[in-house]
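# Inside the fold
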Amino acid sequence: MEGGVASARTRTCLAIVLAAGEGTRMKSELPKVLHAIAGAPMLAHVLRAVAAAGGKAAVVVGPGQDTVAKAAQKVIPDAAIFTQTERRGTAHAVLAAAEAIRKGADDILVIFGDTPLIRPDTLQRMRGVLAEGAAIAVVGFRPADPTGYGRLVTKGDTLIAIREERDASPAERAIMLCNGGAMALAGAHALKILTEIGDDNAKKEFYLTDAVEIAARKGLAAKVLEIGEDEVLGVDNRTKLARGEAMMQEKLRAAALEAGVTLVAPETVFLCADTKLGRDVVIEPYVVFGPGCVVEDKAVIHAFSHLEGAHVGVGASVGPYARLRPGAKLGKGAKVGNYVEVKAATIEDGAKVNHLSYVGDARVGQNANVGAGTITCNYDGANKHLTDIGANAFIGSNSALVAPVKIGDGAYVGTGSVITDDVPADALAIGRARQVVKEGYAERLRKMIGMGKKKPSG
Ligand code: UD1
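Scope of this entry: the structure provided in the associated data block. (Residues numbered from 1 in each chain as written. Predicted model: local features only at pLDDT ≥ 70, side-chain atom pairs only at ≥ 80, totals over all residues. Heavy atoms only, no water.)

## A look at the environment of Ser399
Along the chain, Ser399 turns up in the loop between β30 (394-395) and β31 (400-402). Separated by 14 residues in the primary sequence, Ser399 and Val413 have C-alpha atoms spaced 7.8 Å apart. Discounting chain neighbours no more than four positions away, the residues touching Ser399 are Gly373, Thr374, Ile375, Val413, Gly414, Thr415, Gly416 and Ser417. In this structure the side chain of Ser399 is engaged in a polar contact, spanning 3.5 Å, whose partner is the backbone nitrogen of Ser417. (Helix = DSSP H or I, 4+ residues; strand = E, 2+ residues; numbered from the N terminus. Contact = heavy atoms within 4.5 Å. Polar contact = N/O pair within 3.5 Å; in protein donor to acceptor, adjacent residues only side chain to side chain.)

Structure representation (structure tokens):
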């Protein structure tokens, strides 16, 4: 007999992901599998696991679910898309992809698109069970409450049937080992088994689970691969979505800690599945990462910061209370301090934007210093324009840089300036009204105000 997981790598595989559910229980306009966990649609998590496990992918969507197809092909561009025109059960959904099965693969994996915590390793192990000679491998788990799940009926180490709860006898309902949903079928037998499945059951649906009894009748073996309950969480309502999010965050935080990142209060840090954190990065409490963030080694993200689509360079410092929006790029040792928002802007090595600023559509050159309250006025109501600040430039506090505008290397901008014209390198630009001092005027003013005062009534 071949050697399990090792030989699974040499076998071909087709993963069929069932994503046709509308998710009525989500009470949402968004198809169920597009609801996000850790910044990515549930379907994307499943497909990433599929991609890591190797082979081709087919995704079964519902009628008109183009958005689901697009989301799938964003993860696996050559994923084949099939439409299940009517919802008639899990086997019916798999058969929507019959054409892909017919092309031939050693292993056919069937995975539900609403199980975002499924791990690539589990898919590999299921393939390993087929490689060892079984015709079917099913993931089993033992939930605290088995209500609603299909029960795995076994004889010795062989799975002889899966009984849906509605169709189960009292004795079968007492079985605690349940069907997690994911199934692997030997490609050589898959279509023959699937096309024999009927709808003679309580729901009048074509149950994928009936594949087990049909295989047994053909003298083909089915096996159970027991895994933890968390991995098979099927998310079909918002409570389970929140539970899935919490479980995914736990996983991501654990992986970050393991990789050499300090999370001062892990339970308060929210990561995305694609967040990349370098070694010796320190994340203070209450930091939220949206999709597309990279934080390089030794950078510090101070408390209460929000990052999305941002790249933070080696040893850079962000926050507290900073917001990095898509396209924010911080160089080595750059500093973005409290109440600073950065969008589509590069803050080059050693540059500082320390307090209360908006820097959008801009470049802040190396070692430049942007004073408190500086605003890049990037939007004229119709178009966005660029602000280019040269290396070692110094922007005085409370300045408005009206883009498009260029501040040369080493230039100075006086505090409170409104800069509308380019400033050459090493020049000083002051764009504000000259101060007027009127001796004794304050005293006169007070008298004038006092004269005008009305007597309090009553
Ligand atoms: C299924 C299993 C059950 C298992 C449970 C684990 C069957 C018959 N039952 O039950 O044994 O314990 O999962 O969660 O397989 N889908 C389609 N098209 C359809 C029907 C379903 O795409 O026509 C998709 C659903 O959107 C969902 C998945 O398949 O993502 C499971 O379908 P559902 O009908 O919810 O099965 P369960 O009742 O959860």
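## Points about the site of the ligand
Near the ligand lie 19 residues; those nearest to it are Gln84, Gly89, Thr90, Glu164 and Asn179. Thr90 has a polar side-chain atom sitting 2.9 Å from an oxygen atom of the ligand. One of the side-chain nitrogen or oxygen atoms of Asp114 is found 3.4 Å away from an oxygen atom of the ligand. Out of a free accessible area of 750 Å², the ligand has 88% covered by protein chains. More than half of the atoms of the ligand fall within 2 Å of the grid points belonging to the largest pocket. Taken together, the elements giving at least two residues each to the shell around the ligand come down to α4 (90-95) and β10 (178-186). Looking at side-chain class alone, the shell around the ligand contains six nonpolar, eight polar and five charged residues. (Near = heavy atom within 4 Å. Areas by Shrake-Rupley, 256 points an atom, 1.4 Å probe, with all protein chains shown as cover. 1 Å grid on protein atoms, 1.4 Å probe; cavity = no way out; pocket = protein on both sides within 12 Å on 5 of 7 lines; lining within 4 Å. Sits in = over half its atoms within 2 Å of the grid points. Nonpolar A, V, L, I, M, F, W, Y, C, P; charged D, E, K, R; others polar.)

## A look at unusual backbone geometry
Omega for the bond connecting Gly319 with Pro320 falls within 30 degrees of zero, at 5°, which places this linkage in the cis form. When you line up the elements, Pro320 lands in the loop between β20 (317-318) and β21 (323-324). Of note, the bond from Ala403 into Pro404 is cis; its omega dihedral lies within 30 degrees of zero at 5°. Position of Pro404 among the secondary structure elements: in the loop between β31 and β32 (405-407). One non-glycine residue with positive phi stands out, namely Phe304, at about 60°. Within the secondary structure, Phe304 sits in the loop between β17 (300-301) and β18 (306-307). On the basis of relative accessible area, Phe304 is assigned to the partly exposed category, the value being 41%. For Asn392, which is not glycine, the phi torsion reads 60° and is therefore positive. (Buried < 20%, exposed > 50% of the residue type's maximum accessible area, 1.4 Å probe, protein only.)

## As for the layout of surface pockets
Empty space within the largest pocket amounts to approximately 1500 Å³. Of all the secondary-structure elements, those providing two or more residues to the lining of the largest pocket are α4 and β10. Among the elements that take part in the lining of the largest pocket, β10 stands out by supplying four residues, more than any other. Taken together, the residues that form the lining of the largest pocket break down as 13 nonpolar, 18 polar and 14 charged. Size it by volume and the second largest pocket reaches roughly 270 Å³. What lines the second largest pocket is a set of 14 residues, among which Leu14, Lys56, Ala57, Ala100 and Lys103 lie closest to the centre. When residues of the lining of the second largest pocket are traced back to their parent elements, those giving at least two are β1 (13-18), β4 (56-61), β5 (80-83) and α5 (98-102). Per-class residue counts for the lining of the second largest pocket are seven nonpolar, three polar and four charged. (Points joined across faces, edges and corners; volume = space filled by probe spheres on them.)

## Remarks on the sheet that holds strand β12 (residues 262-263)
In space, the 10 strands of this open sheet follow the order β12-β14-β17-β20-β23-β25-β27-β30-β33-β35, with parallel pairing throughout. The strands lining the two open edges of the sheet, one partner per strand, are β12 and β35 (428-429). Summarising the sheet, β12 and strand β14 (residues 282-283) pair through two bridges and their orientation is parallel. In the strand pairing of β14, Leu263 is matched with Ile283. (Pairing = 2+ DSSP bridges.)

## Thoughts on a negative patch on the surface
Taken together, the side chains of Asp145, Glu229, Asp230 and Glu250 make up a negatively charged region of the molecular surface. Locating Asp230 in the fold gives a position in the loop between β11 (222-226) and α10 (238-258). (Patch = residues over 30% accessible without salt bridge, like charges linked within 9 Å, V, L, I, M, F, W, Y side chains within 5 Å. Salt bridge = Lys/Arg side-chain N within 4 Å of Asp/Glu carboxyl O. Lys, Arg positive; Asp, Glu negative; His and termini not counted. Charge placed at Lys NZ, Arg CZ, Asp CG, Glu CD.)

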